[in-house]
Every structure is written in C-alpha cells, then in structure tokens.
Amino acid sequence: MRVRFTVKKTRLAVLLCLLCATAVLIFALRQGCADWLLAILRLTDRVCEIPPAFGSFHLCWLVACAVLAVVSAMIGLRSSARHTDSVLFAFGVGFFLLEVYKQLYSFYVIQDRVYDFGFFPFQFCSLPLYLCLLLPLLREGRCKEALLRFLVLFETMGGCLVMTYPAFYDRFSLCIHTMLWHTLMISLGCFLLFSRGYGRSWRREVLPAVPVFLISLALATLLNVLLHPMAQNSPNPLNLYYVSPYGITHFIVVGDVRRLFGWFPAILTYALLFIFVGATLVFLVGYLTRILISLGSTRKK
C-alpha cells in the first residue's frame, strides 16, 4: 500500500510540474520573453495542400496505425491489469505534450494571438488526455472502472472513425498531429482491451460506460451553448463533438437526421450509434479474440 501511495504521489508531482511548466511558458510568451519557443513553433509551420482521404499520406498512417495496434494488442495479451495505471499515465503525458503544442502553435503562429475556438480541447477525442492523467490517481472502484471502460470501448472507436475519415488541415504539422493523436488512441485502446480482458459481457462492460458517455455529451453541449457568445469572432466555429446546436453536423446518418428532423433527434441518433454500434464493435473485437485464443489453446492440448 505504501509503495502504491508513493507512485501516485510521484505521478501527481509529475502532473503538477507539467502544468506549472506550461503556465510559465505561456506567461513568458505573453511577456515576449520566449522568442526561442516562438522560433521553434515557427520552424514547424509548413503550409501544404490538404491531403486527400486515402492518398499516400493517409494510407501510410493507416498502415502504421494498424501495425502499432496489433503490436499493442499482443503486448496487452501478455500484460496484466496491474500495468494499466503506468501505461495510462505514460500516454497521458504524451497527449498532454501534443495538446500543448497544438494550442501554442495555433494561437501564436497560425492565428497570430487570436484564440481559435475550433481547437477548444473538449472534442470527443480530447477526452483520453484527461482520463489518462486522472485515472492513475483514482482508487480502484466502480467509478474508475466505468471511466476505464468508456476510454477503451468508446474512445477507441472514436479514434478509428477519425483515422478512417480524417479532417486534414492545410498545415503539415497539424496533419501529423491528427494522425499521431488518433493512432495513439487506438494503440492504447488495443492494449487495454486485451490486458484488462474485455469481451466477456456486453451488459457488464458496455452499459456501465454509457453514463460516462452521456455525461460527456451533455457537458459538451453545455459548453457549446455557454461558449457560443465568446466564439462568435473565432477563426473557426466552436463545434464540440461536432453536434453543436449552432454548428453543422457532417457525420453519416447523424447529419441526415439533423437536416430532416432537427438537432435533438440528431444528437439522440449520435448517442445511440456510439452505444449500440461503436462501443459494441470494440467489445466484439475483444470477444472474438478471446474465442480464437481459447480455440488455439484447446488445439494445442
């Protein structure tokens, strides 16, 4: 118990150091005392043609993502649940650094000190950043398990959707950021799916994660409404979860429902698709893998 407590304190100290370092950097940038950092950010700024879906750039990342997902799944099969917190925190630090880069790059380089609410960090695929840093600090229990199941079953599908149908930018570094972020999401999901042994009971695994998903969707909707007045002059519109009452929904089926019946039926469709299609597909991957492993073990005997 004493060792676990020390590890948690160490993780908390690392998290506080990251937050403090970020705050110091932002303050230095605002005061004009971090020209070296601005120079680094500008070095990464390269305007490009928006890569086409399933072009060479996209296909290369899909191959890399598939390889990393398989490797992560194989490592997960050989790991146990006790490694979960360490893996989560490592990914959380990676997500944190990627998000800090994107926010600083957008604010100081692309938009020249105008905040772009299109990059507000509460999209569906932003949640692994918070969960990966929070979960290792929580005690074991129903709440932590529900959050973990949401991360594995729902967020993995979110990563798959973006990797399949990405929204690329006219900045090369942001294109890389998008692909790297969602590749990490899928790799983490595959690791946890198999290390935690998911795929046993849809009712016990998917259903406890549904309230977490619905709460996050409600919070995103609330932020869409509350931040809308401040985002009026944003370079890109605020559209959290891409189902803002004031925005446009491009998702297949969901967008059609919105055009025909309005916003509320569309957001209801969005939720039902994620629960009964998205999370269920990830669950089935774990379920079928368990069956195949069992059949392989039986044949060896």
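Below, the structure is looked at part by part. (Residues numbered from 1 in each chain as written. Predicted model: local features only at pLDDT ≥ 70, side-chain atom pairs only at ≥ 80, totals over all residues. Heavy atoms only, no water.)

## Considering the overall build of the chain
Here is step 1: The secondary structure content of the chain amounts to 11 helices and 0 strands.
Here is step 2: When the elements of the chain are put in sequence order from the N terminus, they spell out α-α-α-α-α-α-α-α-α-α-α.
Here is step 3: Scaling as 2.2 N^0.38, a compact globule of 301 residues should have a C-alpha radius of gyration of about 19 Å, and the chain matches this with 20 Å.
Here is step 4: Along the three orthogonal principal directions, the C-alpha set of the chain runs to about 65 × 55 × 40 Å.
Here is step 5: Across the 301 residues in the chain, those meeting the buried criterion constitute 49%. (Helix = DSSP H or I, 4+ residues; strand = E, 2+ residues; numbered from the N terminus. Rg over C-alpha atoms; globule rule 2.2 N^0.38 Å. Buried < 20%, exposed > 50% of the residue type's maximum accessible area, 1.4 Å probe, protein only.)

## Re the environment of T44
Here is step 1: Inspection of the secondary structure assignment puts T44 in the loop between α2 (35-43) and α3 (56-78).
Here is step 2: Assessed through its relative accessible area of 29%, T44 is described here as partly exposed.
Here is step 3: Separated by 84 residues in the primary sequence, T44 and P128 have C-alpha atoms spaced 25 Å apart.
Here is step 4: Once residues lying within four places of it in the same chain are set aside, the contact partners of T44 are Y101, Y105 and S173. (Contact = heavy atoms within 4.5 Å.)

## Quick look at the environment of F154
Here is step 1: With respect to the secondary-structure elements, F154 resides in helix α6 (residues 142-164).
Here is step 2: A C-alpha to C-alpha distance of 7.8 Å links F154 and I275, two positions 121 residues apart in sequence.
Here is step 3: Contacts of F154, omitting those with residues within four sequence positions, involve F124, R149, V206, A209, V210, F213, F274, I275 and A279.

## Some remarks on the state of the cysteines
As used in these notes, a disulfide is a covalent bond between sulfur atoms, one from each of two cysteines.
Here is step 1: Under the definition given, this model contains 0 disulfides.
Here is step 2: Free cysteine C60: the closest other cysteine sulfur is in C65, separated by 13 Å.
Here is step 3: With no disulfide of its own, C132 lies 12 Å from the sulfur of C125, the closest cysteine sulfur.
Here is step 4: Overall, the relative accessible area of 0% leaves C132 in the buried class. (Disulfide = S-S within 2.5 Å.)

The analysis is restricted to geometry; functional conclusions fall outside its scope.
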